[in-house]
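Breakdown of the fold
These are the residues of each chain, in order.
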Amino acid sequence: MYDRLKGGNAVQSLILGAATGGINTGDIAFQLVSFIILLVLLRKYAWGPLMGIMKERQSHINSEIDAAEQSRQEAKTYLETQVEELKKAREEAKAIIDNAKKQGEAQGEAIIKASRDEAERVKEAALAEIASEKEKAVATLRQEVAALSVKIASKVIAKELDENSQEKLINEYLKEVGESR
């Protein structure tokens, strides 16, 4: 059996050594040193960079969280500002509408007053024109009456008529005057 182990591999020799009752300390020391070297290499080339990457990632995540928090605060401040500006805009719009209503009412009242004043002026002008026309008509009537009186008197004097003839003559002239109008 020993011949077989000579050409075998290390695992078989370890098993055989354990089976024969001895511990192969050289192999154990070699494996222990190899494991320690592996740990040192892993720590230097794998664990260190991995921890560096993890720290970088953690700082990146922390900076993203801080930036997000800052953005949230800015958004909150901006929203509050916008809400205040919206309130101011609504108040200004309401004031403008109220002012426009007041101006509209004032203009309406001014237009009504101007219309009333114009109507009163037209009425007074019409009354003045009526009075003027009345005066002209009265003056014309007086002139006609005077002319008629003169004609009647001259005819009466010319004819020296009796009372019935005189009355008949006056009625005829009055009819003529009434028809000429």
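See above for the structure.
For the structure given in this document, a descriptive report is provided here. (Residues numbered from 1 in each chain as written. Predicted model: local features only at pLDDT ≥ 70, side-chain atom pairs only at ≥ 80, totals over all residues. Heavy atoms only, no water.)

Moving on, we come to the overall build of the protein. Helix and strand counts for the protein come out as four helices and zero strands. N-terminal to C-terminal, the α/β element order of the protein is α-α-α-α. For the protein, the accessible area works out to roughly 16100 Å², and carbon and sulfur atoms hold 60% of it. (Helix = DSSP H or I, 4+ residues; strand = E, 2+ residues; numbered from the N terminus. Areas by Shrake-Rupley, 256 points an atom, 1.4 Å probe, with all protein chains shown as cover.)

On to a nonpolar patch on the surface. Together, L32, F35, I36, L38, L39, V40 and L42 give the surface a local cluster of nonpolar side chains, amounting to about 660 Å² of exposed area. Summarising the element assignment, V40 is placed in helix 3 (residues 25–159). The exposure class of V40 is exposed, given its relative accessible area of 51%. (Patch = residues over 30% accessible without salt bridge, like charges linked within 9 Å, V, L, I, M, F, W, Y side chains within 5 Å. Salt bridge = Lys/Arg side-chain N within 4 Å of Asp/Glu carboxyl O. Buried < 20%, exposed > 50% of the residue type's maximum accessible area, 1.4 Å probe, protein only.)

Looking now at the pattern of salt bridges. The full count for this structure, using the stated rule, is four salt bridges. When the shortest N-O distance is used, the salt bridge between R72 and E69 registers 2.7 Å. Separated by three residues within a single helix, R72 and E69 lie in helix 3, roughly one turn from each other. Judged by relative accessible area, R72 falls into the partly exposed class, the value being 43%. When the shortest N-O distance is used, the salt bridge between K136 and E133 registers 3.7 Å. A residue pair is termed a helical-turn pair when its members lie 3 or 4 positions apart in one helix, as K136 and E133 do in helix 3 at three residues.

Looking at the secondary structure, you find K151 in helix 3. According to the relative accessible area criterion, K151 is partly exposed, its value standing at 47%. For the pair K151 and I170, spaced 19 residues apart in sequence, the C-alpha to C-alpha distance is 9.9 Å.

No statement about biological role is implied by the geometric values presented.
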